[in-house]
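# Overview (structure and organization)
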Amino acid sequence: LYGMCNTARQEMEETDIQYIDIDWCLTKPEETYAAVASEILRKCTFGHNSVRITRGGRFVARHVSSKPYEAAQRDFPMPNSGVIAITGGNGALALVMGEWMLAKAEEQGASGFSIKFLSRSMKISDLNMPTWKRIQAKAEKMGIQVEQAR
């Protein structure tokens, strides 16, 4: 449901969608019901947040539209030092992100930083291996260190 709500927010911008998740086994139902009612009636954030209410407290994921940032048409400045960490480093999306970052670094003449592709297994599938090899080759030419890490 969380993903569906996020997609619906993107596709139906004029509709406020509020996602509230609670523990499946309520230890204090009256308190939980009051907290859910409070979220529903909170006008200033309704439709902008995803909220998780648990025994441990209230956790909020704030959703902000990227349109104002996209309209500004600002470049994504690449660093000349430091480490960029990409989680889910073996997956196709992480590798696409890595290729995009190398392309931006090439456009801007940036180098001297490293990109770490973080994953639990550090194993790249046969399907993704050609992309990883392209990333390694391009990074080496540009003086950027890329590596699989945990």
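Above this text you will find the structure in question.
Residues numbered from 1 in each chain as written. Predicted model: local features only at pLDDT ≥ 70, side-chain atom pairs only at ≥ 80, totals over all residues. Heavy atoms only, no water.

Right, let's talk about the overall build of the protein for a bit. Counting its regular elements, the protein contains five helices and six strands. Of the regular secondary structure in the protein, the N- to C-terminal order runs α-β-α-β-β-α-β-α-β-α-β. The C-alpha atoms of the protein give 21 Å as radius of gyration, which overshoots the globular expectation for 150 residues (15 Å, by more than 25%). Taken along its principal axes, the extent of the C-alpha atoms in the protein is 60 × 40 × 30 Å. (Helix = DSSP H or I, 4+ residues; strand = E, 2+ residues; numbered from the N terminus. Rg over C-alpha atoms; globule rule 2.2 N^0.38 Å.)

In spatial order, the strands read S1-S2-S3; together these three strands make up an open sheet with mixed pairing. In the strand order of this sheet, the two ends are held by strand S1 (19-22) and strand S3 (57-62), each with one partner. Taken over all neighbouring pairs, the strand axes of this sheet differ in orientation by 15° on average, direction set aside. Across four bridges, S1 lies against strand S2 (residues 49-54) in parallel orientation. Across the sheet, residue Tyr 19 finds its bridge partner in S2, namely Ser 50. (Pairing = 2+ DSSP bridges. Axes fitted to C-alpha atoms, helices over the stretch in contact; angles between N-to-C directions.)

The next subject is the packing of helix H4 (residues 92-108) against helix H5 (residues 129-142). Across the interface, H4 lies against H5 with an axial gap of 10 Å and an inter-helix angle of 25°. Put simply, H4 runs roughly parallel to H5. Between H4 and H5 lies a crossing whose hand is left-handed. Here H4 contributes Leu 95, Glu 99, Leu 102, Ala 103, Ala 105 and Glu 106 to the contact with H5, which in turn contributes Thr 131, Trp 132, Arg 134, Ile 135, Lys 138, Ala 139 and Met 142. In terms of residue class, the contact of H4 with H5 is built from eight nonpolar, one polar and four charged. (Parallel < 35°, antiparallel > 145°, perpendicular 65-115°, else oblique. Left-handed = near helix turned anticlockwise from the far one by under 90°. Contact = heavy atoms within 4.5 Å. Nonpolar A, V, L, I, M, F, W, Y, C, P; charged D, E, K, R; others polar.)

This paragraph deals with the pairing of strand S6 (residues 145-149). Relative to S6, strand S5 (residues 114-118) runs parallel, the two sharing five bridges. For Lys 116, the partnering residue across the bridge sits in S6 and is Glu 147. Following the chain from S5 across H5 to the adjacent parallel S6, one finds a crossover that is right-handed. (Right-handed = clockwise from strand over helix to strand, strands pointing away.)

Opposite charge on two side chains makes pairing possible when the charged atoms of those side chains draw close. Within this structure, the stated rule accounts for eight salt bridges. Among the salt bridges present, the one from Asp 21 reaches Arg 52, with a minimum N-O distance of 3.4 Å. With Asp 21 in strand S1 and Arg 52 in strand S2, the pair connects residues that are 31 residues apart, well separated along the chain. Take Asp 21: its relative accessible area is 26%, and that puts it in the partly exposed class. A salt bridge links Arg 134 to Glu 99; its shortest N-O distance comes to 2.9 Å. Separated by 35 residues along the polypeptide, Arg 134 in helix H5 and Glu 99 in helix H4 bring together distant segments of the chain. Shared partners join several salt bridges into a network, and the residues in it are Asp 21, Asp 23, Arg 52 and Arg 55. (Salt bridge = Lys/Arg side-chain N within 4 Å of Asp/Glu carboxyl O. Buried < 20%, exposed > 50% of the residue type's maximum accessible area, 1.4 Å probe, protein only.)

Here we come to helix H2 (residues 29-40). Over its twelve residues, H2 runs 16 Å from end to end, which matches the ideal 16 Å to within 8%, given 1.5 Å per residue. By the burial criterion, the buried members of H2 are Thr 32, Val 36 and Glu 39. The buried residues of H2 occupy an angular sector of 60° when the element is viewed end-on, so they sit on one face. What points out from H2, more than 90 degrees from its buried face, is the exposed set Glu 30, Glu 31 and Tyr 33. (Expected span 1.5 Å × (residues − 1). Arc of directions from axis to C-beta.)

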